[in-house]
Amino acid sequence: MSLPEDLHQAVAGVMRAHGLGLVSRLVFAVELVEEGTGELGLLRGSTPATMPVWDELGLHRYAVADIEAVISAAKVAGEEEGE
């Protein structure tokens, strides 16, 4: 198995355990810290491996739009970000 496939299986197992349904497609962005130097890196990917890059980008944009909506709703309600 590849790293994206391993992540897909792990996330799918967690979702099942919490009764949240099946994982169809998965996109991820992970910030990594180099243990020796503290240098930051980015790992991104998707499953299935055959997912076109435009679909991967679309899912990332969808996630960003969802986060922005939550932030906007919090501002309208007078809440601070992160609550």
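The notes below deal with the structure included here. (Residues numbered from 1 in each chain as written. Predicted model: local features only at pLDDT ≥ 70, side-chain atom pairs only at ≥ 80, totals over all residues. Heavy atoms only, no water.)

### Remarks on the layout of surface pockets
Note the cut-off: A pocket, in this scheme, is an open set of points on a 1 Å grid over the protein atoms alone with protein on both sides within 12 Å along at least 5 of 7 lines, while a cavity is a set where a 1.4 Å probe fits but cannot get out; residues line either one if an atom lies within 4 Å of a point. Grid points are joined across faces, edges and corners, and a volume is the space filled by probe spheres set on the points. Note on conventions: DSSP H or I runs of at least 4 residues are helices, E runs of at least 2 residues are strands, and numbering of each starts at the N terminus. Each residue is assigned to one of three groups, with Ala, Val, Leu, Ile, Met, Phe, Trp, Tyr, Cys and Pro labelled nonpolar, Asp, Glu, Lys and Arg labelled charged, and all others, Gly among them, labelled polar.
Roughly 160 Å³ of internal volume is contained in the largest pocket. Looking at the largest pocket, the residues that line it are Arg25, Leu26, Val27, Phe28, Ala29, Leu59, His60, Tyr62 and Ala63. Looking at the lining of the largest pocket, the elements with two or more residues in it are strand E1 (26-33) and helix H2 (53-76). Looking at side-chain class alone, the lining of the largest pocket contains 7 nonpolar, 1 polar and 1 charged residues.

### Here's the deal with the side chain of His8
To keep it simple, the criterion reads: Under the scheme applied here, a residue whose accessible area is under 20% of the maximum for its type counts as buried, over 50% as exposed, and between as partly exposed, the area being computed with a 1.4 Å probe on protein chains only. Pairs of residues are marked as contacts when any of their non-hydrogen atoms sit within 4.5 Å.
As for its placement among the helices and strands, His8 is situated in helix H1 (residues 3-17). Under the relative-accessibility criterion, His8 is labelled buried at 13%. Residue contacts for His8: discarding those within four places in its chain leaves Val23, Ser24, Arg25, Leu26 and Thr47.

Any functional reading would require information that these geometric values do not contain.
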